[in-house]
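# Understanding the architecture of this molecule
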Amino acid sequence: EDFSGTTDANGVFTMPNRSVKGEEMLATGHEVHDNPWGLFHLAGFNALFFCDIQAYGQTDYQYIEAGAYNMAFRSGAKDSYTYDMRTTIVPGGRVTTNDLFAIKMVSDKKGYAVGAGGTILQWDGKKWSHMPSPTGQALFNLDVDPSGTLAVAVSGQGTIITCTNGKWTKKDLGDGANLLACAAPSANVILVGGERGELYRSTDGGENWDRIEAAKDAIRSIRFAGPKNGIMICDGPAAYYTTDGGETWTKSDSEFKFTVFQGWGSRPEQSATLTDCCMASETDAWACCEEGVVFRSTDGGRTWQVHTDFANFARWQPLYCIDMKPGATGWTSGSFDRFYDTVPIKRFYANGKVAVEPVTAFGASDRIYDISCVNANDGWLVGKGGLILRVQGIEYAPVVPHGLPR
């Protein structure tokens, strides 16, 4: 290691300068002085710090790039600059250490998260807290109707739990379906989907169910924009759309394929493994896949095209979750990248640009399972080991159990 130390009471650690070995000018013509990085390589190979951070019995890894300091200097910070390092270390510990598989935010003051062991968490605008759960089974998916009245989550063995008036109750379809997806397009209508293509619909809040014949493969995600317009993605890959609240579904004719670069002149097509979908409006639909490709539909799920291709012939960054808002803004994220030692969060902007924020490289934070956006500038992510992150702009912050995110 180059240097180590302990932060002061304000959480500040002063980085010591290293010698530039008497050099006064870089090969690029820039003046150089002693600094924490020392003498820069012409191509900037040594312009990156890898930081091992330990606090409250937790460990996190982050990077500090020299570029942030250069921009600060040009902005007027001539003598000193404080770099705000955001970690996933939570004072007091995480709300839970169980994996969290799904999250749904109703507003900045109300939201739910569910996960392994029947874990159910609730956000009240200030903190996350546990809710009594009627099941000990892992909860794989979650949705809340637009009014915030009805929440639904699903698990294996045909288990469905619903929440109204702050209390969760358990319901059982009785066919042993391993349920993977759910949606609540209104305060009374619920749809759930399983790994064998089972699709059920209730119009009375989950008391009674009708089997809907639509998909033939595992249903991975169901999402609606309003009470009528919805989409559903399945293994295959395949996508379906509805305009009548889920009573009937029509399969899209689009093929979810992308080209893989394997060298000059070699670009074979490959089918995507769809993982999640969302609807930003009645016409604007999105889907992501394990191969790192984002697909978009501008006609409510009838046809689909590749929007952004993060696939690489040597290394893919799997995408497991996506949530987009009107204007093509939102986030997608996925799994740990062993080449970069980070979990990337990709932020989409209305101008078509995409920014990538590396989260962390340590232990429990090596996979993000789901994301839910309050609006285009406020999103929440959950993942392995009870990870809860709040992303605002491109920055992210760990959630403090007994206070606001910071």
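Definitions and cut-offs
- Residues numbered from 1 in each chain as written.
- Predicted model: local features only at pLDDT ≥ 70, side-chain atom pairs only at ≥ 80, totals over all residues.
- Heavy atoms only, no water.
- Core = buried A, V, L, I, M, F, W, Y, C linked by side-chain atoms within 4.5 Å.
- Buried < 20%, exposed > 50% of the residue type's maximum accessible area, 1.4 Å probe, protein only.
- Helix = DSSP H or I, 4+ residues; strand = E, 2+ residues; numbered from the N terminus.
- Disulfide = S-S within 2.5 Å.
- Contact = heavy atoms within 4.5 Å.
- Polar contact = N/O pair within 3.5 Å; in protein donor to acceptor, adjacent residues only side chain to side chain.
- Salt bridge = Lys/Arg side-chain N within 4 Å of Asp/Glu carboxyl O.
- Lys, Arg positive; Asp, Glu negative; His and termini not counted.
- Phe/Tyr/Trp six-rings, centres within 6.5 Å; stacked < 30°, edge-to-face > 60°.
- Lys NZ or Arg CZ within 6 Å of the ring centre and 35° of its normal.
- Pairing = 2+ DSSP bridges.
- Axes fitted to C-alpha atoms, helices over the stretch in contact; angles between N-to-C directions.

## Focus on the nonpolar core
By size, the foremost hydrophobic cluster in this structure holds 18 residues, and its most contacted members are Ile231, Phe256, Ala272, Leu274, Phe295 and Trp304. If you list the elements that add at least two residues to this core, you get β16 (229–234), β17 (238–242), β21 (274–279), β22 (285–289) and β23 (293–297). By size, the runner-up hydrophobic cluster in this structure holds 16 residues, among which are Ala183, Leu199, Phe224 and Cys234.

## Quick look at the state of the cysteines
One pass over the full model with this rule turns up 0 disulfides. Note on Cys278: no disulfide assigned, nearest cysteine sulfur contributed by Cys277 at a separation of 7.1 Å. Judged by relative accessible area, Cys278 falls into the buried class, the value being 3%.

## Describing the environment of Asp52
Inspection of the secondary structure puts Asp52 in strand β1 (residues 48–55). Remark: the alpha-carbon pair of Asp52 and Gln62, spanning 10 residues in sequence, is separated by 6.9 Å. Dropping the residues within four chain positions of it, Asp52 is found in contact with Thr59, Asp60 and Tyr61. Among the polar contacts made by the side chain of Asp52, one reaches the side chain of Gln54 at a distance of 3.4 Å.

## Some words on the pattern of salt bridges
This model, assessed by the stated rule, comprises 10 salt bridges. Across the pair Asp124 and Lys127 runs a salt bridge whose closest N-O atoms are separated by 3.3 Å. Residue Arg296 is joined to Asp284 by a salt bridge in which the shortest nitrogen-to-oxygen separation is 2.8 Å. One end of the pair, Arg296, is in strand β23; the other, Asp284, is in the loop between β21 and β22, and 12 residues separate them in sequence.

## A few points about the side chain of Asp323
The residue Asp323 is located in strand β25 (residues 319–325) in this model. Buried and unpaired, Asp323 has no salt bridge, with Lys325 as the nearest side chain of opposite charge at 4.3 Å. Looking at Asp323, its side chain comes within polar contact range of the main-chain nitrogen of Cys373, at 2.6 Å. Aside from chain neighbours lying at most four places away, what touches Asp323 is Cys278, Gly330, Trp331, Ile371, Ser372 and Cys373.

## A short note on the packing of aromatic side chains
Applying the stated criterion to the full structure yields 16 aromatic pairs. Ring geometry for Tyr112 and Trp168: centres 5.8 Å apart, planes at 90°, overall edge-to-face. Pair noted here: Tyr112 is in strand β4 (residues 110–115) and Trp168 is in strand β10 (residues 167–172), with a separation of 56 residues, a long-range link. Ring centres of Phe256 and Phe295 lie 5.1 Å apart, and the angle between their planes is 80°; on these two criteria the pair is classed as edge-to-face. Highlighted residues: Phe256 in the loop between β18 (250–251) and β19 (257–259) and Phe295 in strand β23, separated in sequence by 39 residues. Grouping aromatic residues by their ring pairs yields a cluster made of Phe3, Phe13, Trp37, Phe49, Tyr69, Tyr81 and Tyr83. The ring of Phe73 carries the charged tip of Lys78 above its face, separated from the ring centre by 4.2 Å.

## Considerations on the side chain of Arg201
Take Arg201: it is sitting in strand β13 (residues 199–202). Reaching out from Arg201, the side chain makes a polar contact with the backbone oxygen of Gly245 at a distance of 3.0 Å. Contacts of Arg201, omitting those with residues within four sequence positions, involve Val189, Ile190, Leu191, Asn208, Trp209, Asp210, Ile212, Asp244, Gly245, Gly246 and Glu247.

## Examining unusual backbone geometry
The omega torsion of the bond from Gly236 to Pro237 falls at -5°, within 30 degrees of zero and hence cis. Position of Pro237 among the secondary structure elements: in the loop between β16 and β17. Phi at Asn165 is positive, roughly 60°, even though this residue is not glycine. Structurally, the position occupied by Asn165 is in the loop between β9 (159–164) and β10. You can call Asn165 exposed: its relative accessible area is 81%.

## A word on the sheet that holds strand β3 (residues 100–107)
The 4 strands lie next to each other as β3-β4-β5-β6, forming an open sheet whose pairing is antiparallel. Looking along the sheet, the strands with just one partner apiece sit at the ends: β3 and β6 (128–130). Pairs of neighbouring strands in the sheet enclose a mean axial angle of 20°, with direction left out of account. Direction of pairing for strand β5 (residues 120–123) relative to β6: antiparallel, over a ladder of 3 bridges. Each bridged residue has a counterpart across the sheet, and for Trp123 the counterpart in β6 is Trp128.

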